[in-house]
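Breakdown of the fold
Okay, here's what each chain looks like letter by letter:
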Amino acid sequence: MREEMAQREEAELRRSHRKPRSPEGWGLLLALWYLAFYQPVVTEGHLRRKAIEFIFIRFSAWQYAGCDKLWAGLVTTLCHRIRRHFGALPLSVYHVMGARPRFASGFGRKEWVLKRGACLKLWGMLLVLAAGLSILLVALLVPGIEDHGALKVVGSAVASLSGSSLVLGALSVLKNLLVSEKQKIERLTNSERFAGQLGFMSKVRNEVEVLVDFLAFMEIFERRRLRVVLEITSLDSCYPEKVAGVLNAMNTLLSDANAPFIFILAVDPSVIVPCLEQTGCMKGLADNGYLYLNRTVTLPFSIPETGACSRLRCLEAAVQTREDLMYRIITGNVERRRAKCRGAPAVPSRREADAEAVRRIHDAFRCLHDGADALARYLPANGAHVRRIVNTIPITLRLLLHRAATPGTPSPRAAAAWVVLADQWPCRLSWVLQCLEDGWQSQPVPDFGARSLWSIYQENVAELSALRQPLHNVLSLDGDPELFQTFLARDFPFTARDARAFLGVTVNLDHSIRHKMGLLRGLDRLQKAAAAAAPT
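Let us look at the structure shown here. (Residues numbered from 1 in each chain as written. Predicted model: local features only at pLDDT ≥ 70, side-chain atom pairs only at ≥ 80, totals over all residues. Heavy atoms only, no water.)

As for a nonpolar patch on the surface
Nonpolar side chains collect at one region of the surface, where Leu89, Leu168, Leu171, Leu174, Leu177 and Leu178 lie side by side and expose about 530 Å² of accessible area between them. Tracing the backbone through its elements, the reader meets Leu174 in helix H7 (residues 149-178). (Patch = residues over 30% accessible without salt bridge, like charges linked within 9 Å, V, L, I, M, F, W, Y side chains within 5 Å. Areas by Shrake-Rupley, 256 points an atom, 1.4 Å probe, with all protein chains shown as cover. Salt bridge = Lys/Arg side-chain N within 4 Å of Asp/Glu carboxyl O. Helix = DSSP H or I, 4+ residues; strand = E, 2+ residues; numbered from the N terminus.)

Listed below in structure tokens is the structure:
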């Protein structure tokens, strides 16, 4: 993401010849000037800007597991990190004097509009203050008028009223400078009347809306798009009701279509799904945690099993942190492996790889858009599933290109079909892959890779039917079974060799489903073996 930031900033600089601004040094004074006297305007030119800045925020749920409301910890962390990133002074001034951006009425390029009402009020208060001070000075200093007490009273009253308005504005800025949004929310959560406090969520929502409007203001000031990336970890170490609270808070923050938030949810679904099913947030979803996650996550990325090279790199990194270990043998193996890798053919440059990846992605989407292609009829009607497929296809193709450009590399159309298969029938595909894995282990015959996935499914469908009770929630995720048959038996007859090529890059399939199936299958076979061995 940081590389993407740098590339976009360079491209935007070449296009517009205008560098992004930052609220530091002289930029801070300029930002305060705009905050006080100008309203930002979202123009067509701003919407076409490609430069972007990611604000990374890490939220470890385990650190807040002891508080009553875990989602409150998420919101306070968000507020605190944004305040630290931009500084307390600009955010405090925005609370008092800032104006939310408005959209341009035409195709104009003017991004700032003078706040005439605020300027007139300020000039009016300054004129009244000057008039009051003048009257007071005249009453105090001009001979012959010094004895008129009424003039002194009028001058002091006018000066006090106008001056008090300015002082109140300055005190409001000072108050927001000293009391952060994080402290405001913590004060509300620590209240004894927290459980029954009416309007609490409304106050929290208002604080978040101010942050969103402030980010929209700073987008126009800095001349680039701003996105807040929240990485949520350790959620599978918390209690079930707190897990549901954090996911609800995520949905609340993302409820606005223009919300500048990106959530990276790093969890183990095999732990999260039972937590969700134990809480009351599943009403209306048939108590199915998988269905809830599918509606929440717009880009699933299930990390495949670690390959041999990755395991060696992890081992190398772990060994190098232990200076007390004698690892000369391992170091020698690593050096030999590196020397062997130096003799490998040259890897294409990043620019060439990106161009090839873009070409493959366009080919895949062309197949999806082609009404005459058989793949188009398998697209789901649900918009969330369509977004998941569209988000996953580029990643799958890039991973395929990154692994190796061998002659047997699947085509873009086949990769797109595999993504649709994993999205529409995750349970049946996981079952086929588990049977395939067991087959590879028990029957390492040369012609096993040529077998079709549909034939493997037909051989083991009776066993899947016997396990339908423990796999009920997972089976409910699948689409039409008849379409599944048509997909694998006629339109896309994938083989075991194809599945093995795709398995390492299948990121939109929850691998915990397959692991659960492997455990249930092993227990079922163990029970059958025990029953067969029992004396009659």
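There is more to say, and it comes next.
Things to note about the packing of helix H19 (residues 453-466) against helix H21 (residues 481-491)
Packed helices, taken two at a time, are described by the angle their axes make and the gap between the axes. In contact at an axis separation of 8 Å, H19 and H21 are set at 135° when each is read in the N-to-C sense. Here H19 lies oblique to H21, going by the angle between them. Residue-level inspection shows Leu453, Trp454 and Tyr457 of H19 in contact with H21, the latter providing Phe484, Gln485, Leu488 and Ala489. Here the contact of H19 with H21 is built from residues that sort into 6 nonpolar, 1 polar and no charged. (Axes fitted to C-alpha atoms, helices over the stretch in contact; angles between N-to-C directions. Parallel < 35°, antiparallel > 145°, perpendicular 65-115°, else oblique. Contact = heavy atoms within 4.5 Å. Nonpolar A, V, L, I, M, F, W, Y, C, P; charged D, E, K, R; others polar.)

Topic: the side chain of Ser512
Locating Ser512 in the fold gives a position in helix H23 (residues 511-533). Apart from residues no more than four positions distant in its own chain, Ser512 is found in contact with Pro269, Ser270 and Tyr290.

Some points on the packing of aromatic side chains
The description of an aromatic ring pair rests on the distance of the ring centres and on the angle between the ring planes. For the structure on display, the rule yields 22 aromatic pairs. Centroid distance Phe86 to Phe214: 5.4 Å. Interplanar angle 90°. Geometry classified as edge-to-face. One end of the pair, Phe86, is in helix H4 (residues 70-86); the other, Phe214, is in helix H9 (residues 200-222), and 128 residues separate them in sequence. As far as the burial class goes, Phe86 and Phe214 line up, both buried. Aromatic rings pair up to connect Tyr378, Trp418, Trp425, Trp454, Tyr457, Phe484, Phe487, Phe492, Phe494 and Phe502 into one cluster. The side chain of Arg521 reaches across the aromatic face of Trp431, ending 5.4 Å from its centre. (Phe/Tyr/Trp six-rings, centres within 6.5 Å; stacked < 30°, edge-to-face > 60°. Buried < 20%, exposed > 50% of the residue type's maximum accessible area, 1.4 Å probe, protein only. Lys NZ or Arg CZ within 6 Å of the ring centre and 35° of its normal.)

A look at the pairing of strand S5 (residues 225-233)
The pairing of strand S2 (residues 52-60) with S5 spans 9 bridges and is parallel. Its bridge partner being in S5, Ser60 is matched across the sheet by Thr233. Here S5 pairs with strand S6 (residues 261-265) via 5 bridges, running parallel. Across the sheet, the residue bridging to Leu230 is Phe263, located in S6. Following the backbone out of S5, through helix H10 (residues 240-253) and into the adjacent parallel S6, one traces a crossover that is right-handed. (Pairing = 2+ DSSP bridges. Right-handed = clockwise from strand over helix to strand, strands pointing away.)

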